[in-house]
Each structure stands twice: as structure tokens, then as C-alpha cells.
Amino acid sequence: MPTIKEYAKEAKTRMKSGFWDDVKTKRQSDVETAAIQGKNTDVVFCEYREVLKRKIFDTDSKEDEELYRKVCGLLSQNSVVINPIGALADKEKMRAMSESAKQHYIFELSKKFKEMKERYYKEKELRYGK
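Small disclaimer: the values here were computed from a predicted structure and weren't measured.

As a further point, take the packing of aromatic side chains. Under the criterion given, the structure shown has two aromatic pairs. Measuring from centroid to centroid gives 4.9 Å for F19 and W20, while their planes differ by 85°, and the two rings are edge-to-face. We classify F19 as buried; its relative accessible area is 16%. Where Y120 meets Y121, the ring centres are 5.1 Å apart and the plane angle is 75°; that geometry is what we call edge-to-face. Look at Y120 and you get buried, because its relative accessible area is 11%. When the ring centre of Y68 is taken as origin, the NZ or CZ atom of R119, which lies over that ring, is 3.6 Å away.

Spelled out as C-alpha cells, the structure:
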């Protein structure tokens, strides 16, 4: 877990790089586009808030983002996925594991799947409404 000092250093880097100016510009553009299309602009603000929270505070790895893309693919199908954990599990990785390591891996994968599923539906609701 990052320390306060590390968070401060990251915040300073964001400020120096113009991160917030870019966010403000892009957000304003998206709000204007939503207004022109007749959509609720509050949705844009909520979506930005969620994305920024995840970008700043969550230290998801590239593996987690790849897994999230797979989860999105599974959940966006028009059919029922019977065994999503089995579809997401890395079979090659599991072959080299002991039984207890496999159990731990499956448990962690199911925990991540649950979190990512909630994220998917929350983002979908923000994007398209209920």
C-alpha cells in the first residue's frame, strides 16, 4: 500500500504534467457533446469521477486490466455464461500449481470477477442509464 509521501509525489507529478488541465478540457468537451445529444450531463461527471478514482487510487496491474477486458467480453455476450471463472482462469498457469495454490488462485479469481462484474455494471449504468 502506498504511503502518504508516495501519494503526494504522484499528485505533484500529475500537477506538473498538466494532467488536470487535460482532464478538465476533455471532460468539458464530453459534457458539451452530451448536452448536444440531449443526454444527462451529470452522467459524464459521474463517469469521470469513477475513472479518475480508479486511475489515481487503484493500482490495478496490466494483468487486471486484461482480465477486466475479458470480463467485459463475457458479460456483454447475449448468452448466459455458465462457468465464467473457468473461462477466465489461466489453464497453463494452473498446470504448474499445487492443489492448495489452485484453490487460492480460483478464490482470488472469483473475488476479482465479482469486483469487476460490479464495475462493469456500474460503468454500463453510468454510460447508458438504467
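Don't stop here, the text continues.
Looking now at the pattern of salt bridges. Using the criterion set out here, one finds seven salt bridges in the structure. Across the pair R119 and E65 runs a salt bridge whose closest N-O atoms are separated by 3.4 Å. Placement of the pair is R119 in helix 7 (residues 99-128) and E65 in helix 4 (residues 62-75), with a sequence separation of 54 residues. R119 sits in the buried class, given a relative accessible area of 18%. Residues E99 and K102 are paired through a salt bridge, measuring 3.5 Å at the closest nitrogen-oxygen approach. In this pair, E99 and K102 both sit in helix 7, three residues apart, roughly one turn of the helix. Residue class for E99 comes out exposed when judged on its relative accessible area of 55%. For K102, a relative accessible area of 23% puts it in the partly exposed group. One salt-bridge network, held together by shared partners, links E65, R119 and E123.

Turning to the nonpolar core, a few remarks are in order. Residues V71, L88, L109 and F113 are the most contacted members of the largest nonpolar core, which totals 15 residues. If you list the elements that add at least two residues to this core, you get helix 4, helix 5 (84-88) and helix 7. No other element matches helix 4, which puts six residues into this core. Among all residues touching F113, those that are not within four sequence positions of it are V71, L75, P84, I85 and L88.

Conventions we followed
- Residues numbered from 1 in each chain as written.
- Predicted model: local features only at pLDDT ≥ 70, side-chain atom pairs only at ≥ 80, totals over all residues.
- Heavy atoms only, no water.
- Phe/Tyr/Trp six-rings, centres within 6.5 Å; stacked < 30°, edge-to-face > 60°.
- Buried < 20%, exposed > 50% of the residue type's maximum accessible area, 1.4 Å probe, protein only.
- Lys NZ or Arg CZ within 6 Å of the ring centre and 35° of its normal.
- Salt bridge = Lys/Arg side-chain N within 4 Å of Asp/Glu carboxyl O.
- Helix = DSSP H or I, 4+ residues; strand = E, 2+ residues; numbered from the N terminus.
- Core = buried A, V, L, I, M, F, W, Y, C linked by side-chain atoms within 4.5 Å.
- Contact = heavy atoms within 4.5 Å.

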